[in-house]
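# Examination of the molecular architecture
Next come the chains, spelled out residue by residue.
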Amino acid sequence: MAKLKWGMIGGGEGSQIGPAHRLGALADGHFDLTAGALDHRPEEGRAYAQRLGIAADRAYGDWKEMLAGERNREDRIDLVTIATPNSTHFEITKAFLEAGFHVLCEKPMTVSVEEGEEIVRLAEKSGKICAVNYCYTAYPMVRQARAMVANGEIGKVRLVVTEFSHGHHGDATDADNPRVRWRYDPALAGVSGQFADCGIHALNMASFICNDEVEKLSADFASCIESRELEDDAMINFRMSKGTVGRLWTSSVAIGRQHGFTIQIFGETGGLKWFSEQPNQLLYTKIGGRTEIIEKGEGGLHDEATRLSRVAIAHPEGFPLAVANIYCDIADAIRGEVRPSLPTAEAGARSMAAVHYAVQSAKEGGTWLDARPPMFRK
């Protein structure tokens, strides 16, 4: 099967997320890195793209040059990944969808609810894939958890408790570091800091595993480092459409926490727990029973977990391979095989609505608000 052609915008040298995308996209032989506009500094971006093996005529200075250069080529790219600051996601995603390209966008997909709805409609109209990189949903044992919930193995879900809290932005003396500062700058990050950066991963994960949507929420935000305009700590209470109760804590000032992404699903007959620092294991407890450790790679797993495991039991598969699983699902979708687990523009729009209504709720002292984009309200 011929490889698909892949291009990347952002994610240049020194980027935090760029290497994970490159490792992920190339891991299974589905894609070749063919084009790129990798840096906001045109010459540095062109030079780095060529060092990665991109031909000089497809090493672009910016995304507009890349769009102009690729759109009329017979051998144009099949997929573009957007890994730029939040404020640019909508404009670039919209332009490439309108030009008929498949898109994978880093989260958050947009910085406004209206933009998110526009991308959903545009993706539907164009018939092109617009995926959002909620890559934690692609760990094999997360897929196992989703399949177990769908199969009724813990009964009706009552409660979800999830956290995504770390302490890497807890040093007030480092608050002006450019790699940190932009995340709390409304001009670059939008209306929310930590919740839009990490919290929406946790909220999306709750929806993903439960195969349910967040219907309403109540929020409390704090800027523990007072110089920050946007929050660095947030607590969200939420309710899902099937009646599940949700609790979410996200923070970037929890010193001592490293990654801190954990989710627990409590049902009528059992419970599940997954945590990203031990991603190969899923803890499963039946009512009245002992806790069982389900290991990635063992026999008897659901197909979605087995399909996305590459190495034998007891050998770790980390973050880049979770990203790789997103690219596997995109490659299958481009080739015509539907992958319902692929996070799409709808997930991106729902997340952005949750961000905006959480911001409003926090300003109103925790008022409960409808968390859904208007287009998805009945």
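Summary of the structure given here. (Residues numbered from 1 in each chain as written. Predicted model: local features only at pLDDT ≥ 70, side-chain atom pairs only at ≥ 80, totals over all residues. Heavy atoms only, no water.)

## Remarks on the overall build of the protein chain
For clarity, the threshold we go by: Comment: elements are numbered from the N terminus, with helices defined as DSSP H or I runs of at least four residues and strands as E runs of at least two. Radius of gyration here uses only the C-alpha atoms, and the compact-globule reference equals 2.2 Å multiplied by the residue count raised to the power 0.38. A 1.4 Å probe rolled over the protein chains alone gives each residue an accessible area, and that area as a share of the maximum for its type sets the label: buried under 20%, exposed over 50%, partly exposed in between. Lys and Arg are tallied as positive, Asp and Glu as negative. Neither His nor the chain termini are counted. For this purpose, a charge sits on NZ of Lys, CZ of Arg, CG of Asp or CD of Glu.
Looking only at helices and strands, the protein chain features twelve helices and 14 strands. For the protein chain, the C-alpha radius of gyration of 20 Å lies close to 21 Å, the compact-globule estimate for 378 residues. Classification of the 378 residues of the protein chain by burial places 56% in the buried group. Placing the 42 positive and 51 negative side-chain charges of the protein chain at their respective mean positions leaves the two points 4 Å apart.

## Section: the packing of helix α3 (residues 63–70) against helix α4 (residues 89–98)
For clarity, the cut-off: The convention used is that axes are lines fitted to C-alpha atoms, helices contributing only their stretch in contact, and that angles between N-to-C directions extend from 0 to 180 degrees. The cut-offs work like this: below 35 degrees is roughly parallel, past 145 is roughly antiparallel, 65 to 115 is roughly perpendicular, and the gaps in between are oblique. Only heavy atoms matter for contacts: two residues are in contact if any of them lie within 4.5 Å across the pair. When residues are sorted by character, Ala, Val, Leu, Ile, Met, Phe, Trp, Tyr, Cys and Pro go into the nonpolar class, Asp, Glu, Lys and Arg into the charged class, and all the rest, Gly among them, into the polar class.
In contact at an axis separation of 11 Å, α3 and α4 are set at 5 degrees when each is read in the N-to-C sense. Looking at the two axes, α3 sits roughly parallel to α4. Facing α3, whose interface residues are W63, K64, M66 and L67, α4 presents E91, I92, A95 and F96. Among the residues forming the contact of α3 with α4, the class breakdown is six nonpolar, no polar and two charged.

## A closer look at the packing of aromatic side chains
Just so we agree on the cut-off: Any two rings among Phe, Tyr and Trp, with Trp reduced to its six-membered ring, count as a pair given centres within 6.5 Å; such a pair is stacked if its planes are under 30 degrees apart, edge-to-face if over 60, and tilted if neither.
Following the criterion strictly, the structure yields twelve aromatic pairs and no others. Considering the side-chain rings of Y139 and W274, the 5.3 Å spacing of their centres and the 50 degrees angle between planes classify their relative orientation as tilted. With Y139 in the loop between β5 (130–132) and α6 (140–150) and W274 in strand β11 (residues 270–275), the pair connects residues that are 135 residues apart, well separated along the chain. Judged by centre distance (5.9 Å) and plane angle (85 degrees), the rings of F261 and W274 are edge-to-face. Here W274 lies in strand β11 and F261 lies in strand β10 (residues 261–267), a separation of 13 residues in the sequence. As far as burial versus exposure is concerned, F261 and W274 are alike and both buried.

## Side note on helix α5 (residues 113–126)
Using the following cut-off: Expected helix span is taken as 1.5 Å per residue step, with the number of steps being one fewer than the number of residues.
Taking 1.5 Å per residue as the helical rise, α5 with its 14 residues ought to reach 20 Å, and the 20 Å between its terminal C-alpha atoms agrees with that figure. Considered for burial, the residues of α5 that qualify are V113, G116, E117, I119, V120, L122 and A123. G127 lies just past α5 and shows a positive phi near 75 degrees.

## Here's the deal with the sheet that holds β11
Note the cut-off: Pairs of strands are assigned from DSSP output, requiring at least two bridges between the strands.
Here nine strands make up an open sheet; going across it, the order is β13-β12-β11-β10-β6-β9-β8-β7-β14 and the pairing mixed. A strand with exactly one partner marks an edge of an open sheet, and here the two such strands are β13 (291–295) and β14 (369–370). Sheet topology note: the β11/strand β12 (residues 281–286) ladder contains four bridges and is antiparallel. Its bridge partner lying in β12, G270 is registered against K286.

## Considerations on the pattern of salt bridges
To be explicit about the condition: When a carboxyl oxygen of Asp or Glu is within 4 Å of a side-chain nitrogen of Lys or Arg, the pair counts as a salt bridge.
In the structure shown here, the tally under the stated rule is 30 salt bridges. Across the pair R307 and D329 runs a salt bridge, and its minimum N-O distance is 2.9 Å. Highlighted residues: R307 in helix α10 (residues 303–307) and D329 in helix α11 (residues 319–334), separated in sequence by 22 residues. Note on R307: relative accessible area 30%, which makes it partly exposed.

## Here we look at the pairing of β11
The sheet contact formed by β10 and β11 spans five bridges and is antiparallel. From the neighbouring strand, I265 faces β11, where its bridge partner is L272. Counting the residues in the hairpin turn of β10 and β11 gives two residues. Counted between consecutive antiparallel strands, the loop separating β11 from β12 contains five residues.

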